[in-house]
Amino acid sequence: MDDQLLTTVLFLAVVALTLGITIWASRQTKTAADYYAGGRSFSGVQNGLAIGGDYMSAASFLGISGAIALTGYDGFLYSIGFLVAWLVALLLVAEMLRNSGRFTMADQLAYRMKQRPVRMAAATSTVVVSIFYLLAQMVGAGALVALLLGVDSQAVKNLVIVGVGALMVFYVTVGGMKGTTWVQIVKAVLLMAGSALIVVLVLAEFNFNLSELLGTAASNSAHGGAFLEPGIKYGVDLTSKLDFISLGLALVLGTAGLPHILIRFYTVPTSRDARKSVLWAITLIGIFYLFTLVLGFGAAAMLTGDKAAEVAASGGNLASPLLAEAVGGGDGSTGGAILLALIAAVAFATILAVVAGLTLASSTSVAHDIYNSVIKRGEATEKQEMKMTRIAAVVIGGVAIALAIPAQDLNIAFLVALAFAVAASANLPAIVYNMFWRRFNTRGAVWSIYGGLIAAVGLVFFSPVVSGSETALVTGSDWSWFPLSNPGLISIPVGFLLGYIGTVTSREPETEERFTELEVRALTGAGSEQAVQH
Amino acid sequence: MSQDPVPQTPDTASRHDPVYDELHAAPEFHELRRRYRAFVFPATIAFLVWYLLYVVLSMFAGDFMDAKVVGNINVALVFGLLQFATTFLIAWLYSQYSTKKLDPLARELDDRYIAAADGRGPRRGHA
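Chains are numbered independently. Their residues run from 1 in the order of the written sequence. Chains and ligands are labelled by the order in which they are written, letters from A for the one and numbers from 1 for the other. For this predicted model, a pLDDT threshold of at least 70 governs which residues receive local features, and a threshold of 80 or more governs which side-chain atom pairs are given and counted, while totals over whole chains, interfaces and linings are taken from all residues.

**Student:** Would you mind going over the overall build of chain A with me for this structure?
**Tutor:** Within chain A, the regular secondary structure consists of 20 helices and 0 strands. Radius of gyration: over C-alpha atoms. The globule rule applied is 2.2 Å multiplied by the number of residues raised to the 0.38 power. Against the 2.2 N^0.38 benchmark of 24 Å for 534 residues, chain A shows a C-alpha radius of gyration of 23 Å, consistent with a compact globule. A principal-axis box enclosing the C-alpha atoms of chain A has dimensions of 70 × 55 × 45 Å. The buried share among the 534 residues of chain A stands at 66%. Within chain A, counting contacts between residues at least 6 apart in sequence, those at least 24 apart form 80% of the total. Numbering of helices and strands starts at the N terminus; helices are DSSP runs of H or I of at least 4 residues and strands are runs of E of at least 2. Put plainly, a residue is buried at 20 or more neighbouring C-beta atoms within 10 Å of its own, exposed at 12 or fewer, and partly exposed in between, counting only other residues' C-beta atoms, which are placed from the backbone. We call two residues in contact when their backbone-placed C-beta atoms lie within 7 Å.

**Student:** How do you make sense of the overall build of chain B when you look at a structure like this?
**Tutor:** Along chain B, the regular secondary structure elements total 4 helices and 2 strands. Going from the N terminus to the C terminus, chain B shows its helices and strands as α-α-α-β-β-α. The buried share of chain B, taken over its 127 residues, is 24%. The long-range fraction of contacts in chain B, counting pairs at least 24 apart against all pairs at least 6 apart in sequence, stands at 60%.

**Student:** Looking at this model, I keep getting lost on the interface of chain A and chain B. Mind explaining?
**Tutor:** Note: interface size is frequently given as the accessible area lost on complex formation between the parts. At the interface, 63 residues of chain A touch 59 residues of chain B. Residue assignment for the side of chain A that touches chain B shows that the elements contributing at least two residues are α2 (32–37), α5 (73–100), α7 (115–149), α9 (210–220), α10 (238–254), α12 (271–302) and α20 (509–524) of chain A. Under this grouping Gly is polar, as are all residues other than the nonpolar Ala, Val, Leu, Ile, Met, Phe, Trp, Tyr, Cys and Pro and the charged Asp, Glu, Lys and Arg. A per-class count over the side of chain A that touches chain B returns 30 nonpolar, 17 polar and 16 charged.

**Student:** Sorry, what's going on with helix α14 (residues 319–327) of chain A here?
**Tutor:** Each α-helix winds once per 3.6 residues, and so residues spaced three or four apart point in a common direction. Residue and element names in this part refer to chain A. Taken across its 9 residues, α14 has 9 buried, putting it largely inside the fold. By the burial criterion, the buried members of α14 are A319, S320, P321, L322, L323, A324, E325, A326 and V327. Elements in contact with the buried residues of α14: α4 (58–71), α7, α8 (154–205), α12, α13 (306–313) and α15 (334–375). Following α14 by one or two positions, G329 adopts a phi angle in the positive range, close to 130°.

**Student:** Would you mind showing me how to read the environment of A:V129 here?
**Tutor:** All names here are of chain A. Mapping V129 onto the fold places it in helix α7. Put simply, V129 and L453 are 324 residues apart on the chain and 9.2 Å apart in space, counted from C-alpha to C-alpha. Aside from chain neighbours lying at most four places away, what touches V129 is L258, P259, A419, V422 and A423.

**Student:** Just to check I follow, could you spell out the packing of α5(A) against helix α2 (residues 27–60) of chain B for this structure?
**Tutor:** Relative placement of two packed helices is described by the angle separating their axes and the distance separating the axes. Where α5(A) meets α2(B), the axes come as close as 10 Å, and the angle between the chain directions of the two elements is 170°. When the interaxial angle is binned, α5(A) and α2(B) end up roughly antiparallel. Here α5(A) contributes A:L77, A:V84, A:L87, A:L91 and A:L92 to the contact with α2(B), which in turn contributes B:V40, B:A43, B:T44, B:F47, B:Y51 and B:S58. For the contact of α5(A) with α2(B), the per-class residue count stands at 9 nonpolar, 2 polar and no charged. Fitted lines through C-alpha atoms give the axes, limited to the stretch in contact for helices. The angle between two N-to-C directions lies from 0 to 180 degrees. Small angles under 35 degrees read as roughly parallel and large ones over 145 as roughly antiparallel, with 65 to 115 read as roughly perpendicular and the rest as oblique.

**Student:** Before we go on, may I ask you to explain the nonpolar core in this structure?
**Tutor:** Grouped burial of nonpolar side chains is what soluble globular proteins tend to show. Residues and elements named next belong to chain A. In terms of nonpolar packing, the biggest core is built from 238 residues, with L323, A347 and L352 touching the most fellow members. Ranked by residues supplied to this core, first place goes to α15 with 25 residues. Apart from residues no more than four positions distant in its own chain, A347 is found in contact with A58, F61, L62, L144 and L148. By convention the nonpolar core is taken to be a set of buried residues drawn from Ala, Val, Leu, Ile, Met, Phe, Trp, Tyr and Cys and joined through C-beta atoms within 7 Å.

**Student:** Help me understand the packing of α10(A) against helix α19 (residues 488–504) of chain A in this model?
**Tutor:** Residues and elements named next belong to chain A. In the contact formed by α10 and α19, the axes pass within 8 Å of each other and the chain directions differ by 45°. Considering their axes alone, α10 and α19 lie oblique with respect to each other. Residue-level inspection shows L242, I245, S246, L247, L249, A250 and L253 of α10 in contact with α19, the latter providing G488, L489 and I492. Of the residues contributing to the contact of α10 with α19, the split by class is 8 nonpolar, 2 polar and no charged.

**Student:** Which parts of the structure should I look at to understand unusual backbone geometry?
**Tutor:** Residues and elements named next belong to chain A. With a phi angle near 50°, R40 is a residue other than glycine that sits in the positive phi range. Secondary-structure assignment places R40 in the loop between α2 and α3 (44–55). Looking at R40, the number of C-beta atoms within 10 Å reads 23, which means it is buried.

**Student:** It is not clear to me how α9(A) should be interpreted in this structure. Could you clarify?
**Tutor:** Where α9(A) is concerned, the buried positions are A:L213, A:L214, A:T216, A:A217 and A:A218. For α9(A), the elements touching its buried residues are α12 of chain A together with β2 (73–74) of chain B.

**Student:** Quick question: what am I supposed to make of the confidence of the model for chain B here?
**Tutor:** Detailed reading of the predicted coordinates is not advisable wherever pLDDT is low. Residues and elements named next belong to chain B. Here pLDDT means the predictor's own confidence in every residue, given as a number from 0 to 100. Summing up the model confidence of chain B, the mean pLDDT is 84 and the portion of residues at 70 or higher is 81%. Contacts from residues 1–14, a stretch scored under 50 in pLDDT, to residues over four places away or in other chains number 40 contacts. The low-confidence segment residues 123–127, where pLDDT is below 50, has 17 contacts with residues more than four positions distant or belonging to other chains. Confidence estimates for the predicted assembly give a pTM of 0.92 and an ipTM of 0.92.

**Student:** Please clarify how the environment of A:V399 should be interpreted in this entry.
**Tutor:** Residue and element names in this part refer to chain A. As for its placement among the helices and strands, V399 is situated in helix α16 (residues 382–407). Take V399: there are 16 C-beta atoms within 10 Å of it, and that puts it in the partly exposed class. Between the alpha carbons of V399 and L135 there is a distance of 9.5 Å; along the sequence they are 264 residues apart.

**Student:** What should I look at first to understand the environment of A:G502 in this one?
**Tutor:** Here A:G502 lies in helix α19. Between the C-alpha atoms of A:G502 and A:R438, which are 64 residues apart in sequence, the distance is 14 Å.

Next up, the structure:
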């Protein structure tokens, strides 16, 4: 009971801290550029931390360390895709997006194309990706918080989902980008510091000898030497191997198409700061995934008997928290209780920062792209647009809560991977073509976005994830014909191909003329949006 | 303040500023674009191939990946850690390259844009 009290107190401290930040940030938010882009005045370091905070989800922190604890090396395969992906963002996307857009992903496409169709397409895919990701996070939050608090009650889970939803709406409507960014910065610092502490304590148990840690992990696992080798989870048969290659492709190409990541590049004064923020993000995220390697194998090595069974029962999510308890002195010790509560609070902060980023990205796109450009034909005032963003945030928060509560009983872990697949299939082809292909035009952009989106979602609909397997979303009937759970292997080429076909079957000469301007602006920053001077 | 409306006339590509044509024709711009592409295209192909090689070997080359290097550390782990190392390396090389080779040209072209814009009234988007 005391442990629960301590954890609860720390959770409330996290909530109080983030609410304080949000209210403080709201006092500094006056203009649209403040609200959507934090005045474009964050430094490269600050934005790098915020990107880390936006990106490293509870699925990364608890999920990857848990996957390593249960399936050994195969859990580590994920983190590599998540990290290498940042080179796409660094080399091809971040700087040019900063120079050519204003608030949303669609800005950069609309720069040289017909406003309404491309904004509608980009906003649709932004909302779909964000809702998928959001649902997975919120359902995860309900289960996780209940788990961390040690209560197994449906009422508590529902309450947590409603609470998390209300908090994210509050961060976004009140604090805007500035508030959201600071929540993410604080979370990144807490996450890095918390996991660094546990990592050092784990390594100390093994005299800082990685080989010894790995050996103990392997011999305590049920798999022996195979635990350190690829294949336990994905090496079962040819289908599972292709499935992982499909997932790997979506991870590496999807990150630079995630809307909540893309809008972070607008929060810095210049493209050079955007570059610097990605460099910081790569450093942080890389170190973090190295930490999860130690946490995962550490959990496999140090948690045995009842504790190992608890980890397995939680699907791996309790690996890091229980490892923290073990290195703090074990069950029943004060040190163990403190570290367990600390890591639980860090995980909670992690969830909050990610859902805030997703809500902001999707509501900004609804207001800026759909409401202002498509419905009001660009005539809405900034005040109207910001008001619409807040309304959209409330609606999206409400929808996310309403979907997350019944989704708790469903197996929706695939939604995160699907969000990456949609980002890679629908968003990345349009972004890359737009920057590098003079001839690319409205039809190409619209076809690649809708085509990639429909291909990714459609293939998953006809995959064993949705029907026809033991863990499927729907039981009782089977309409699956696509064998892979991850659609990327097919849907990413489809997105690129449709972008090509759409372009060459349409003659729209003005986009080529505007490409000159886009290219100069993207590469030099000439005429790009300036930081707000306060 | 910096808030003018989004430059757009609905349903057509929006207005065109001729200063961009001049900058686009400048030899410095061609050099900037050439240098940018000379780095990012080969680097992107290289890291994607390197990453896919790792993924494919992990799935289809068990014997190679499972070989022990030292103690309990096998090829798969070393290969995975090398992916981290190459990611850090490419990021660092790009930061060096862009600071030295890209930023000076980009700044010069941006200065020309500002000078041209100042001649015709306040710069769009300027505070």
